[in-house]
Every structure is written in structure tokens, then in C-alpha cells.
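Letter by letter, the chains look like this.
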Amino acid sequence: MTERLQKVLAQAGIASRRKCEEYITSGRVEVNEQVVTQLGVKVDPEQDEIKVDGRPIRLQSKLYLAFYKPKGVISSVKDPEGRKVVTDFVQQINQRVYPVGRLDYDTEGLLLLTNDGEFAQLLTHPKYHIPRTYHVTVKGVPHGDVLEKLKQGVELDDGMTAPAEVEYHDIDPDKNRTVLTMTIYEGRNRQVRRMLEAVKFPVVKLKRVQFGPIYLGGLSRGRYRELSQDEVKQLKAAAMESHNVQNTK
Ligand code: URA
């Protein structure tokens, strides 16, 4: 498959796409022994011999990880304020991965990481509605009418949410706390927290336990595991399916 040269260089981890464009225009890149200075040239990374500063590039294999993001970590690869970021936890893999969507700083749980930009875009594009399931801890015990409101969808300042699925997971009368299992089909900013605020049960703790067909399972906080090829396939299928389902509603 052919792709633009600057994209192939960026995917090989040479530098950002913009920087790779500069490498090309300044004559540092060769394709099949010919210096290429024009942008937009298409190459086949499997067939063409591509060199930067005379050294062949190494294609990165695609990597897909399920990561247990702890609370107090930014869903980003860099933080100007120096707070912990998700990539601090995957340094030993020697590949540049980034998060698929985000979890709030105070939210813990399942976050997918990848170096496959198309995959990340597919899973987070608003036209797809992959289910995301959370354990939501609130103070007190929300009664059935509160759950009913969440199930019907809640009016937020950016519009009505899609209906959510909600059920009781655990009620602890001693601590006066309830844990709900809640599944939403959109990825709006702070959506679960805002939905719970709207029904007057602010979130005390939030943990994502499932993303489409992938479960957090027994992963420990701060650890990751590689997804199998089958899981990656299932995720792609879940995105496609979610699109079809929404369009036939
Ligand atoms: N909803 C939220 O409110 N926060 C998250 O991190 C994810 C979903």
C-alpha cells in the first residue's frame, strides 16, 4: 500500500509529520537511492528503500495495549506542568504510543494505547458509538427514578446525552455509598461526571472497566498488557457495528 513519504517517516518514529516534511524539503531523505525533496511523493514502505541521512528507516510494527490508568495521571504523552502522563508507564516498549481518547485526571481504569493513528481515530470518532462501561461511586443511594433519568438521557450544557445503561453494582449502607455500573455510548468530555451531577449525585470515584469488547479484568493499576490480534479485530468490528446500529435506530 502506498502512503505519503512524510507519513511513512512519522510512522517509523523519525519525528513528527511536520518535522519529517522539513527533512524531506531539506534533502535529507532518499527513496531507492534518489534524494526526494518534494512533498506528497507516495511510497510503499514494504517495497521502497527509504533512508534518512543515509540510514535506512525501520518500520514500526503496530502496537495495541490495554493500560490501567491510575488516578492522578494525565491521558497524554507530555504535560507542560510536569505531572505524570500515561507514557511514563510504558517506557520499556521503545515505541511511541498514545492514548485512544482520554480519561480524566481523577478517573482510573481501562485506557487503550496504540501507535496506530487510524485505529485511534476509528475508535474515538463521534460517528461511532462504542460502549464504555464504568463503575461509578456516589454518596448515598440513588433510587430507581434517578437511574431511570440516566437511562433516558440527561440534558447537559452541550445537549441531550444518548440513553445510558445503569444498574446497581454495590450498595454499602455503612459507608453510605453506592457503586453503579453505567454504560455510555458517547465520549463527551467528563460525560459520566456531568450526567451524575445533573441528577444530583456527584461522582466520588470513577473507574472505567470496559471499552467495547475489551475488559480491564485483573490488570493491576499502572500496568498494561498487549491486545491480541483477535481483540484488535473485535474492536474494529465493534466500531463498525456501533455505526450501523445507530443508523438503523
Ligand atoms: N466520563 C467522565 O466523566 N470522566 C471520564 O474520565 C470518562 C468518562
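Please refer to the structure higher up on the page.
Scoring rules and cut-offs
- Residues numbered from 1 in each chain as written.
- Predicted model: local features only at pLDDT ≥ 70, side-chain atom pairs only at ≥ 80, totals over all residues.
- Heavy atoms only, no water.
- Salt bridge = Lys/Arg side-chain N within 4 Å of Asp/Glu carboxyl O.
- Helix = DSSP H or I, 4+ residues; strand = E, 2+ residues; numbered from the N terminus.
- Buried < 20%, exposed > 50% of the residue type's maximum accessible area, 1.4 Å probe, protein only.
- Phe/Tyr/Trp six-rings, centres within 6.5 Å; stacked < 30°, edge-to-face > 60°.
- Contact = heavy atoms within 4.5 Å.
- Arc of directions from axis to C-beta.
- Pairing = 2+ DSSP bridges.
- Near = heavy atom within 4 Å.
- Polar contact = N/O pair within 3.5 Å; in protein donor to acceptor, adjacent residues only side chain to side chain.
- Areas by Shrake-Rupley, 256 points an atom, 1.4 Å probe, with all protein chains shown as cover.
- Lys, Arg positive; Asp, Glu negative; His and termini not counted.

## Some details on the pattern of salt bridges
At step 1: By the definition in use, this model includes 16 salt bridges.
At step 2: Across the pair aspartate 157 and arginine 194 runs a salt bridge, and its minimum N-O distance is 3.0 Å. Here aspartate 157, found in the loop between β11 (155–156) and β12 (159–160), pairs with arginine 194, found in helix α5 (residues 191–198); they are 37 residues apart in sequence, far enough to count as distant.
At step 3: Assessed through its relative accessible area of 76%, aspartate 157 is described here as exposed.
At step 4: A salt bridge links aspartate 158 to arginine 194; the shortest N-O distance between them is 3.0 Å. Pair noted here: aspartate 158 is in the loop between β11 and β12 and arginine 194 is in helix α5, with a separation of 36 residues, a long-range link.
At step 5: Several salt bridges converge on common partners, so that one network encompasses Asp157, Asp158, Glu186, Arg188 and Arg194.

## Focus on the packing of aromatic side chains
At step 1: Tallied over the full model, the rule gives two aromatic pairs.
At step 2: For the pair tyrosine 64 and phenylalanine 119, a centre-to-centre distance of 4.7 Å together with 70 degrees between the ring planes defines the contact as edge-to-face. In this pair, tyrosine 64 is assigned in strand β7 (residues 64–69) and phenylalanine 119 in helix α3 (residues 117–124), connecting sequence segments 55 residues apart. Across the pair, exposure class does not vary: tyrosine 64 and phenylalanine 119 are buried alike.
At step 3: Relative to phenylalanine 89, the ring of phenylalanine 67 has its centre 5.4 Å away and its plane inclined at 45 degrees; by these criteria the two rings are tilted. Highlighted residues: phenylalanine 67 in strand β7 and phenylalanine 89 in the loop between β7 and β8 (98–99), separated in sequence by 22 residues.

## Quick look at the side chain of aspartate 104
At step 1: Residue placement: aspartate 104 occurs in the loop between β8 and β9 (108–114).
At step 2: With relative accessibility at 12%, the residue aspartate 104 sits in the buried group.
At step 3: Ignoring any residue separated from it by four or fewer positions in sequence, one finds aspartate 104 in contact with Lys69, Val73, Arg190 and Arg193.

## Considering helix α2 (residues 17–25)
At step 1: Regarding α2, the residues found buried are Cys20, Tyr23 and Ile24. Here the buried residues of α2 occupy an arc of 100 degrees about the axis, which is enough to place them on one side.
At step 2: Of the surrounding elements, those touching the buried residues of α2 are α1 (5–11), β2 (29–31) and β5 (50–52).
At step 3: Directly after α2, the chain includes glycine 27, whose backbone phi takes a positive value near 80 degrees.

## Considerations on the sheet that holds β5
At step 1: Within the open sheet, the four strands sit side by side as β3-β2-β5-β6. Their pairing is antiparallel. Each end of this open sheet is capped by a strand with a single partner; those strands are β3 (34–35) and β6 (55–56).
At step 2: Inspection of the sheet shows β2 paired to β3 by two bridges, in the antiparallel sense. Among the inter-strand pairings, glutamate 30 is bridged to a residue of β3, identified as valine 35.

## Focus on the site of the ligand
At step 1: Around the ligand sit Leu103, Asp104, Thr107, Tyr134, Arg190, Gln191, Val192, Arg193 and Leu206, and those are all the residues in its vicinity.
At step 2: Side-chain polar atom of aspartate 104 to a nitrogen atom of the ligand: 2.7 Å apart, as the coordinates give it.
At step 3: Here an oxygen atom of the ligand sits 2.9 Å away from a polar atom, N or O, in the main chain of arginine 193.
At step 4: Here the ligand has 240 Å² of accessible area as a free molecule, and 96% of this is covered by the chains.

## Overview of α5
At step 1: Of all eight residues making up α5, six are buried, and the element is well covered by its neighbours.
At step 2: Its buried side turned inward, α5 meets β10 (132–139), α4 (144–152), β11, β14 (177–184) and β15 (203–211).
At step 3: At the exit of α5 stands lysine 200, carrying a positive phi of roughly 70 degrees.

## Remarks on the side chain of lysine 69
At step 1: Looking at the secondary structure, you find lysine 69 in strand β7.
At step 2: The side chain of lysine 69 sits in the buried core without any salt bridge; aspartate 106 is the nearest counter-charge, 7.3 Å away.
At step 3: Of note is the side chain of lysine 69, whose polar atom sits 2.7 Å from the backbone oxygen of valine 73.
At step 4: Discounting residues that sit within four places of it in the chain, lysine 69 has contacts with Ser75, Val86, Leu103, Asp104, Tyr105, Thr107, Glu108, Gly109 and Leu111.

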